[in-house]
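Close look at the chain arrangement
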Amino acid sequence: MTAPLDLRHLPPPEPMQHILDALERLPARACLVALTPFRPGPLLPLLEAQAWAWRVEDLSGGGARITIARTADAALLASTAMPPPDPAMARG
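Residues numbered from 1 in each chain as written. Predicted model: local features only at pLDDT ≥ 70, side-chain atom pairs only at ≥ 80, totals over all residues. Heavy atoms only, no water.

Moving on, we come to the overall build of the protein. Helix and strand counts for the protein stand at 4 helices and 4 strands. Helices (α) and strands (β) of the protein occur, in sequence order from the N terminus, as β-α-β-α-β-β-α-α. Taken across its 92 residues, the protein has 38% of its residues classed as buried. Intrachain contacts of the protein at a sequence separation of at least 6 include 54% that bridge at least 24 residues. Just so you have it, the protein exposes about 5,800 Å², and 61% of that area is on carbon and sulfur atoms. (Helix = DSSP H or I, 4+ residues; strand = E, 2+ residues; numbered from the N terminus. Buried < 20%, exposed > 50% of the residue type's maximum accessible area, 1.4 Å probe, protein only. Contact = heavy atoms within 4.5 Å. Areas by Shrake-Rupley, 256 points an atom, 1.4 Å probe, with all protein chains shown as cover.)

Within the fold, Trp54 resides in strand β3 (residues 52–58). Its relative accessible area of 27% is what places Trp54 among the partly exposed residues. Measuring from C-alpha to C-alpha, the distance between Trp54 and Val33 comes to 9.7 Å, with 21 residues separating the pair along the chain. Leave out the neighbours within four places in its chain, and Trp54 touches Leu44, Leu47, Glu48, Ile66, Thr67, Ile68 and Leu77.

Below, the discussion takes up unusual backbone geometry. In this structure, Pro13 follows Pro12 across a cis peptide bond, with omega equal to 5°. With respect to the secondary-structure elements, Pro13 resides in the loop between β1 (5–6) and α1 (14–24). Positive phi, normally seen in glycine, also occurs at Arg29, with a value near 60°. Residues other than glycine seldom take positive phi values, yet Ala51 does so here, at roughly 65°. Turning to its location among the elements, Ala51 is positioned in the loop between α2 (43–49) and β3. Assessed through its relative accessible area of 46%, Ala51 is described here as partly exposed.

A few words now on the confidence of the model for the protein. Looking at the protein as a whole, its pLDDT mean stands at 87, while 84% of the residues score no less than 70. Of all helices and strands in the protein, the one with the weakest mean pLDDT is helix α4 (residues 87–90) (40), whereas α1 scores best (97). Taken together, the stretch residues 84–92 has pLDDT below 50 and engages in 0 contacts with residues farther than four places along the chain or on a different chain. (pLDDT = per-residue confidence, 0-100.)

Next up, the structure:
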């Protein structure tokens, strides 16, 4: 898997446009992972309308991580899930 597309520094609607542009070049059996400064709510209906499968995870420091794959490759979404937080790391 390639490094996530870090879009957290961009103002809306630039993260959405960068994601849509990247999806045009996404090869088969691959997924796109992007970090956004917010939960990408406006993007989700567009993805569904274009038959993309997706999963969004809220980040602890703010923002979100979205993973997107073709519907036929939706099983890839499970393989890119973030691991659950380690309880030992949460203690200060």
